[in-house]
Structure formats: C-alpha cells, structure tokens
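Single-letter residue listing:
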Amino acid sequence: MYEFSYHKASSVAEAAGLIASHPDAKLMSGGQTLIPTLKQRLAAPSDVIDLSKIAELKGIKVAGNVVTIGAGTLHAEVAASKDVQAAIPALAALAGNIGDAQVRNRGTLGGSIANNDPAADYPGAVVALGATVITNKRRIAGDDFFTGMFETALEADEIVTAVEFPKAEKANYQKFPNPASRYAMVGAFVAKTASGVRVAITGAGPTVFRWNDAEAALSKSLTAAALDGVKASADNLNSDIHASADYRAHLIGVLAKRAVVALG
Ligand SMILES: Cc1cc2nc3c(=O)[nH]c(=O)nc-3n(C[C@H](O)[C@H](O)[C@H](O)COP(=O)(O)OP(=O)(O)OC[C@H]3O[C@@H](n4cnc5c(N)ncnc54)[C@H](O)[C@@H]3O)c2cc1C
C-alpha cells in the first residue's frame, strides 16, 4: 500500500468539498474493493475520503411506488429489510446472495454501482427495474449509468447518494455464481414494469446490458417457452478462466428462462 492521507467525512457536503479540493483522492464506502486495490498497489490516491459514517447516506424508504436506498446501505441491510422484501422481493434476494456474510456486512449499494464490476449483481437490478441513481449533483437514469467495464457516468468528484428503485409488477433475479467469490458468472434480472418487460444481463459482458431479443419475445408472452427460439450471441461477451463467451451465452438463456419461471 502506498501512503495516503485519510479523512472521515461526517456529511455529503464535507465529502464533496474534500474530493473537489483533492483531485487525486478516492472515495471509500465499505472498502471491499478499494482496500484490496490499495493493498495490491493498483491505485495510489493522495487521499482516501471515508463515507462510511455519513448518516444521510444510509437507510431505506418506501414512498408510493418507489423504494429509495441510501448509497451507504449495506447489502445485509437491504437483504434483511422487511420494506424491501415486501416491495421488491427480488432486490432483497439479490442483496442476500452477494458474496458472503462478511462482504454483505461491509459492502454497500453505492460502492457496488460506482465500481461497476462486470460481475456485480446490483447493476442488473438497477437496469431491469429502470432505477434512477441520485448523486450530490444530479439524477442519472439507470440505463445511462453503466458505461463500460468498471466505468460509469459519474464524474471524478461525484458522490452517489441513493438509488430510487420503482416497484415492479413482477421481478426475479437468477445468477450462476462463481463458486469461489459468489460474483455472477452470469446473472439475469427479469422485471415486468409499468413500461413493459425488461431483461438485464450482468456478469456476461464488459458491463450490464439489456437483452433486447428476449424483451421482445417476453413482451408477447411472458413465459419461458417464449424464449425457446431466442439465443444470446457470444459476440463481445467475456471469456476468462471461469467461462468462455459461448458458455456465458448459453447461461444467459438458461438463467433468463429460470427467472421467467420464478416470476410465477
Ligand atoms: C470476496 C468478495 C466477494 C464479492 N462477491 C460479490 C458478489 O457476489 N456480487 C456482487 O455484486 N459483489 C460482490 N462483491 C463486491 C462487494 O459486494 C462490494 O459491493 C464491492 O466490493 C464494493 O465495495 P464497497 O461498497 O465497500 O465500496 P468501496 O470498495 O469502498 O468502493 C468501491 C469504488 O466505488 C467508489 N465509491 C464508493 N462509494 C461511492 C459513492 N457513494 N459514490 C461514488 N463513488 C463511490 C470508490 O471510490 C471505489 O472506486 C464481492 C467482494 C468481495 C471482496
């Protein structure tokens, strides 16, 4: 680890001031990704700005059709929330299957989406549910937020403060977890929303994407059989020691069908 200065921010305004005045600083939520990155000397920030004690970044609110989850809310808190379980059960289940208990008790929603690991689970929910990412500067549609592998629409000094998830009529998430890390080798989030059926695929490509052919087929008939003739292309999918692009393409079809069956 290289040397850096540590700041514990007590408000979003204080954190925003610190990041604006230290251009080579990094924000830290649970440190689940940032700390290993620093330990491996893959990053050398001048300053680390700890967001973990900022009360206004934590908590879950349900108002009407929208579930708002603070960026600093832990995966374990989302999984255990009776409000999330009642409003969007698929989201609570997704959070409860992230990593292991230690990861779920340190990792945060904001850290997960800001990091945009291609194998992370939350991006699937953000895109399939048509969520909105709230920052200290603006509102960003989920469809526009994830721009590439480990890349997002966030500016260097922008802080995610919350995510607004609209309730879905039906939703389900299925993943094929890496047996070691539990990250998604492929994950399929299917949601029937007021604006139609959305299918978001994570783990398979450089970043989360909507599977348009499946959405078109499921819009006609929301049944697993509707996907029988629909095949995901392996073009541009990830290929690594865990799975080839062809295998990932196959998993997309299998998991999307399982998610549709589980919609009930
Ligand atoms: C062993 C292991 C297994 C895991 N398994 C899974 C899994 O199965 N599924 C899954 O989805 N994830 C998994 N993860 C990822 C984990 O769930 C965390 O969400 C992820 O590591 C980010 O951690 P964090 O929230 O502590 O953010 P940090 O590590 O603190 O930050 C991550 C990045 O986001 C930035 N950042 C943090 N907060 C904000 C904010 N509010 N605004 C703007 N930028 C911010 C930081 O600057 C940094 O670049 C796993 C991690 C580990 C270590």
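Remember, it's a predicted structure, so these values are computed and weren't measured experimentally. (Residues numbered from 1 in each chain as written. Predicted model: local features only at pLDDT ≥ 70, side-chain atom pairs only at ≥ 80, totals over all residues.)

(A) Structural detail: the overall build of the protein. Regarding its fold elements, the protein presents 11 helices and 14 strands. Rg of the C-alpha trace for the protein: 18 Å, near the compact-globule value of 18 Å for 264 residues, within the 12% margin. The principal-axis extents of the C-alpha atoms in the protein amount to approximately 55 × 45 × 30 Å. The burial tally for the protein puts 44% of its 264 residues in the buried class. Of all intrachain contacts in the protein linking residues separated by at least 6 positions in sequence, the fraction that spans at least 24 positions is 60%. (Helix = DSSP H or I, 4+ residues; strand = E, 2+ residues; numbered from the N terminus. Rg over C-alpha atoms; globule rule 2.2 N^0.38 Å. Buried ≥ 20, exposed ≤ 12 C-beta atoms within 10 Å, placed from the backbone. Contact = placed C-beta atoms within 7 Å.)

(B) View of the sheet that holds strand β12 (residues 184-193). Across the sheet, 4 strands lie side by side as β11-β12-β13-β14; this open sheet has antiparallel pairing. The open sheet has two edge strands with one neighbour each: β11 (170-177) and β14 (209-210). Where strand β13 (residues 196-202) lies against β14, 2 bridges are found, and the strand directions are antiparallel. Residue Ile201 lies in a different strand from β14, and its bridge partner there is Phe209. The strands touched by helix α10 (residues 212-220) within the sheet are β13 and β14, with β13 carrying the most contacts at an inclination of about 150°. Against the sheet, helix α11 (residues 245-263) contacts β11, β12 and β13, and its axis sits at roughly 40° relative to β12. (Pairing = 2+ DSSP bridges. Axes fitted to C-alpha atoms, helices over the stretch in contact; angles between N-to-C directions.)

(C) Representation of the nonpolar core. Core analysis: the largest hydrophobic core is formed by 77 residues, its most contacted members being Ala125, Val199 and Ala256. With 7 residues, β12 is the single largest residue contributor to this core. For Ala256, the contacting residues outside a window of four places in its chain are Ala188, Val190, Val199, Trp211, Ala214 and Leu227. (Core = buried A, V, L, I, M, F, W, Y, C linked by C-beta atoms within 7 Å.)

(D) Region of the structure containing the sheet that holds strand β3 (residues 47-50). Strand order in this open sheet of 3 strands is β1-β3-β2, and the pairing throughout is parallel. Among the strands making up the open sheet, the edge pair consists of β1 (5-8) and β2 (26-28). Mean inter-strand twist for the sheet, computed between neighbouring axes without regard to direction, equals 25°. Note that β1 and β3 share 4 bridges and pair parallel. Considered in β3, the bridge of Lys8 is made with Asp50. Along the sheet, helix α1 (residues 12-21) contacts β1, β2 and β3; its crossing angle with β3, the most-contacted strand, is approximately 165°.

(E) Looking closely at the site of the ligand. As a structural note, the neighbourhood of the ligand is formed by 32 residues, with Gly30, Gly99, Gly107, Gly110 and Gly111 the closest of them. Along the lines of polarity and charge, the residues of the shell around the ligand split into 14 nonpolar, 14 polar and 4 charged. Shared between two domains, the shell around the ligand holds at least three residues of each, these being domain 1 (5-50) and domain 2 (58-263). (Near = placed C-beta within 6 Å. Nonpolar A, V, L, I, M, F, W, Y, C, P; charged D, E, K, R; others polar. Domains from an automatic or database assignment.)

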